[in-house]
Amino acid sequence: MKIHLHRSFMIRKEMSLGGGAIFYHPYATVLNAESIGKNFSCAHCTTLGYGKGGIPVIGDNVILGASVTIIGHVHVGNNVTVGAGAVVVKDVPDNCVVAGNPAKVIHFL
């Protein structure tokens with residue numbers, strides 16, 4: 001079940017969302033995750049959604065660029081930056097930057 005905050009911005013009602021979230025230009029954004037940790041930020045056209053047996057779990061201090069898609073029962077670790085346009089379909093470790101389609105680690109912090 002989803003709750004509509006605006007017709008182009010949806011957050012799953014049952015989702016746990018940590019404090020300090022920032023939504024930059026949240027046009028065409030769907031946040032359908034199991035949980036999102038604290039200090040999360042995302043830009044427009046972000047999609048977190050169902051696929052391959054579940055929905056994503058997002059850690060603390062995660063930054064998502066514009067047009068990021070994270071699909072399935074994927075765990076995104078803490079202190080992660082996901083580059084614009086990335087498609088994440090596999091788990092992402094802590095302390096890194098990922099980008100591309102499919103997303104790959106391009107830098108460890």
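Our structure's up above, just so we're on the same page.
Cut-off values and rules
Residues numbered from 1 in each chain as written. Predicted model: local features only at pLDDT ≥ 70, side-chain atom pairs only at ≥ 80, totals over all residues. Heavy atoms only, no water. Helix = DSSP H or I, 4+ residues; strand = E, 2+ residues; numbered from the N terminus. Rg over C-alpha atoms; globule rule 2.2 N^0.38 Å. Buried < 20%, exposed > 50% of the residue type's maximum accessible area, 1.4 Å probe, protein only. Contact = heavy atoms within 4.5 Å. Areas by Shrake-Rupley, 256 points an atom, 1.4 Å probe, with all protein chains shown as cover. Lys, Arg positive; Asp, Glu negative; His and termini not counted. Charge placed at Lys NZ, Arg CZ, Asp CG, Glu CD. Core = buried A, V, L, I, M, F, W, Y, C linked by side-chain atoms within 4.5 Å. Phe/Tyr/Trp six-rings, centres within 6.5 Å; stacked < 30°, edge-to-face > 60°. Pairing = 2+ DSSP bridges.

*Asks:* What exactly am I supposed to notice about the overall build of the protein chain here?
*Replies:* Across its full length, the protein chain carries zero helices and 16 strands. Computed over C-alpha atoms, the radius of gyration of the protein chain comes to 12 Å, within 12% of the 13 Å expected from 2.2 N^0.38 for 109 residues, which places it in the range of a compact globule. A total of 109 residues make up the protein chain; the buried ones form 39% of that total. In the protein chain, of all internal contacts separated by at least 6 residues, the share reaching a separation of at least 24 is 3%. Here the protein chain has roughly 5800 Å² of accessible surface; of this, 57% comes from carbon and sulfur atoms. If you average the places of the 8 positive and of the 5 negative side-chain charges in the protein chain, the two averages end up 10 Å apart.

*Asks:* I would appreciate a short explanation of the nonpolar core in the present structure.
*Replies:* The nonpolar side chains of soluble globular proteins are, as a tendency, buried together. Among the nonpolar cores identified, the biggest contains 23 residues, and Leu64 and Ile70 are the most heavily contacted of them. Among the elements of the structure, strand 2 (9-12), strand 13 (80-82) and strand 15 (96-99) are those that each provide at least two residues to this core. With residues up to four places along the chain from it excluded, the contact list for Leu64 reads Phe40, Ser41, Cys42, Ala43, Thr46, Leu48, Ile70 and Val82.

*Asks:* What am I meant to see in the packing of aromatic side chains here?
*Replies:* For any pair of aromatic rings, geometry is given as the distance between the ring centres together with the angle between the planes. Counted according to the given criterion, the structure contains two aromatic pairs. Taken together, the aromatic side chains of Phe9, Phe23 and Phe40 make up a single cluster linked through ring pairs.

*Asks:* Hey, could you run me through the sheet that holds strand 12 (residues 75-76) in this one?
*Replies:* In sheet architecture, strand pairing relies on hydrogen bonds along the backbone and comes in two forms, parallel and antiparallel. Strands sit in the order 3-6-9-12 across an open sheet of four strands; the sheet is parallel. Each edge of the sheet is formed by a strand with only one pairing partner; in this case those strands are strand 3 (16-17) and strand 12.

*Asks:* Looking at this structure, how should I read the sheet that holds strand 7 (residues 41-42)?
*Replies:* Within the open sheet, the six strands sit side by side as 4-7-10-13-15-16. Their pairing is mixed. At either margin of the open sheet sits one strand with a lone partner, and together these are strand 4 (22-23) and strand 16 (104-108). Relative to strand 13, strand 10 (residues 63-64) runs parallel, the two being bridged by two bridges. Bridge assignment links Leu64 to a residue of strand 13, and that residue is Val82.

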